[in-house]
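# Working through the structure, step by step
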Amino acid sequence: DLKSAAKTTVKGAKAVPVILLDPSQPATLNAPKDFKSAAKTNLERSKAVPVVRMVSVPQIGFGTYLISQEDVVEPVCAAIQAGYRHVDTAEGYGNEVGVGKAISKSEVPRDELFVTTKLWPGNPAWGQPAKTYEECLAACEQSLKNLSLDYVDLYLIHAPFGFSAGLLQEQYRALVNIKERGLAREIGVSNFSVKHLEALESAGLPTPAYNQLELHPLCQQTETLSWMEKRGCLPIAYSSLAPMSGWRAQQESGKHRLGEQSEVELAKTLKNVATRLNATEAQVLLLWGLQKGYRILPKSTNKQRIELNLQVQALGALTQQEMQNLESC
């Protein structure tokens, strides 16, 4: 019994192996049959303290970045009504109160919804000091008040923002405390590269359960994903639609770091695949993310697009050649 084994090991050992309880995980990350063998394997390849993952993030979530407090209630309600069961927000988005109102208005039972929010750690480039351990705890409590919730399902550090390893470790220790207190069912990070993740590992801190990253064919982050896979840290993809022409044209992203030629080649490939599947180009990009094994967070304020984004799994699958064509642009 895997759950019983996990419970027993948590009580009896300081270092706990990664146990993936979600059958939809990629095959390379499935839970091993032998728990003790899993412990030995994970501890040999990493000095970090891994986690027992008891929380599974839904495959498709609804993102709320750049939707204002005043405007966020209606699209979140529309998303939940359409069938989304994961809503992603953040302290830094400034819309947690509106998201909370939408969740309450939806009347969907709390245990049927998955809610993610993020700690804003401060940003020295903007003249904001790094949050201390105590300030991180207070920020989580404030987010819960904003959302009118007793807990969130996933709490992330929004970004490392160039802080020292010591500060990152202090902030993540606060998240560990937040999880222990039951204010978050699971914890993780966002926008962390290998060097940031290694800063946590070097301190013997639990491996983040999830890392939310910009992921799409023009921003594949192979080094970071390889590091994460070896340790059981799963990716959540944001900005899946960045390769589309006109997507937040003025916003810095992985798309713009690769040059116009890659964008032109990808646009042609997207058009061809969309025609074959009788789908939108946005749906093709979302399907690419799902087939890579990522959780995805499409966002829209348009009700029809909200519904189309959720229907992507019914389109069928991209061929292996189409996946390769998208990734080689």
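Everything below is about the structure shown above.
Residues numbered from 1 in each chain as written. Predicted model: local features only at pLDDT ≥ 70, side-chain atom pairs only at ≥ 80, totals over all residues. Heavy atoms only, no water.

## Here we look at the overall build of the protein
Selection criterion: Numbered from the N terminus, helices here are DSSP runs of H or I no shorter than four residues, and strands are runs of E no shorter than two. Between buried and exposed lies partly exposed: a residue is buried under 20% and exposed over 50% of the maximum accessible area for its type, with that area taken using a 1.4 Å probe on protein chains only. Throughout, a contact is declared for two residues whenever any of their heavy atoms are within 4.5 Å. We get accessible surface area from the Shrake-Rupley algorithm with a probe of 1.4 Å; when it comes to residues, only the shown protein chains can shield them.
When its secondary structure is counted, the protein shows 13 helices and 10 strands. Counting the 329 residues in the protein, one finds 53% classified as buried. Contacts spanning at least 24 positions in sequence make up 74% of the contacts within the protein whose residues lie at least 6 apart. Counting every atom, the protein has about 15,300 Å² of accessible surface; 50% of that belongs to carbon and sulfur.

## Observations concerning the pairing of strand β5 (residues 114-119)
How we decide: One bridge is not enough; two strands pair if DSSP finds at least two bridges between them. Orienting the strands away from the viewer, one traces the path from the first strand over the helix to the second; a clockwise path indicates a right-handed crossover.
By the criterion of burial, β5 is predominantly enclosed, with six of the six residues buried. One ladder, built from three bridges, connects strand β4 (residues 86-88) with β5; its direction is parallel. Looking at β5, one finds that His 86 is bridged to Phe 114. A crossover links β4 with its parallel partner β5, the connecting element being helix α4 (residues 96-106), and its sense is right-handed. As paired strands, β5 and strand β6 (residues 152-157) are joined by four bridges and run parallel to one another.

## A word on the packing of aromatic side chains
Centre-to-centre distance and the angle between the planes together describe a pair of aromatic rings. Operational definition: Two rings belonging to Phe, Tyr or Trp (six-membered ring only in the last case) form a pair when the distance between their centres is within 6.5 Å. Interplanar angles under 30 degrees mark stacking, angles over 60 mark edge-to-face geometry, and anything in between is tilted. Geometrically, a charge over a ring is one whose NZ (Lys) or CZ (Arg) sits within 6 Å of the ring centre while staying within 35 degrees of the ring normal.
Under the criterion given, the structure shown has six aromatic pairs. For the ring pair Trp 120 and Trp 126, a centre distance of 5.7 Å and an interplane angle of 20° mean the geometry is stacked. The buried category is assigned to Trp 120, whose relative accessible area is 14%. On the basis of relative accessible area, Trp 126 is assigned to the exposed category, the value being 58%. Here the aromatic residues Trp 120, Trp 126 and Phe 161 are joined through ring pairs into a cluster of three or more. Between Arg 110 and the ring centre of Tyr 151, over which it is positioned, the NZ or CZ distance is 4.2 Å. The ring of Trp 227 carries Arg 231 above its face, with NZ or CZ at 3.9 Å from the centroid.

## A word on the sheet that holds β5
For the record, the criterion: In this analysis an axis means a line fitted to C-alpha atoms, helices contributing only their contacting stretch, and an angle means the value between N-to-C directions, from 0 to 180 degrees.
Taken in spatial order, the eight strands make up an open sheet running β3-β4-β5-β6-β7-β8-β9-β10, and their pairing is parallel. With partners counted over all chains shown, the strands left at the sheet margins are β3 (62-63) and β10 (295-296), one partner each. Each of β5, β6 and β7 (184-190) is contacted by helix α6 (residues 165-180), which is oriented at about 160° to β7, the strand it contacts most.

## Details of the pattern of salt bridges
Short version of the rule: Take a side-chain nitrogen of Lys or Arg and a carboxyl oxygen of Asp or Glu: if they are within 4 Å of each other, that pair is a salt bridge.
Inspection of every chain in the model, using the stated rule, returns nine salt bridges. Residue Arg 110 is joined to Asp 153 by a salt bridge in which the shortest nitrogen-to-oxygen separation is 2.9 Å. On the criterion of sequence distance, the pair formed by Arg 110 in the loop between α4 and β5 and Asp 153 in strand β6 is long-range, its members being 43 residues apart. By relative accessible area, Asp 153 is classed as buried at 1%. Between Glu 327 and Lys 292 there is a salt bridge; the shortest N-O distance is 3.4 Å. Here Lys 292 lies in the loop between α11 (281-291) and β10 and Glu 327 lies in helix α13 (residues 320-327), a separation of 35 residues in the sequence. When its relative accessible area of 24% is taken as the criterion, Glu 327 is described as partly exposed. Using a relative accessible area of 32% as the deciding quantity, one classes Lys 292 as partly exposed. Salt bridges sharing common partners tie together Arg 110, Asp 153 and Arg 185.

## Things to note about the pairing of β6
Counting buried positions along β6 yields six of six residues, so the element is predominantly enclosed. Following the chain from β5 across helix α5 (residues 133-147) to the adjacent parallel β6, one finds a crossover that is right-handed. Pairing between β6 and β7: five bridges, direction parallel. Bridging across to β7, Ile 157 finds its partner in Val 189.

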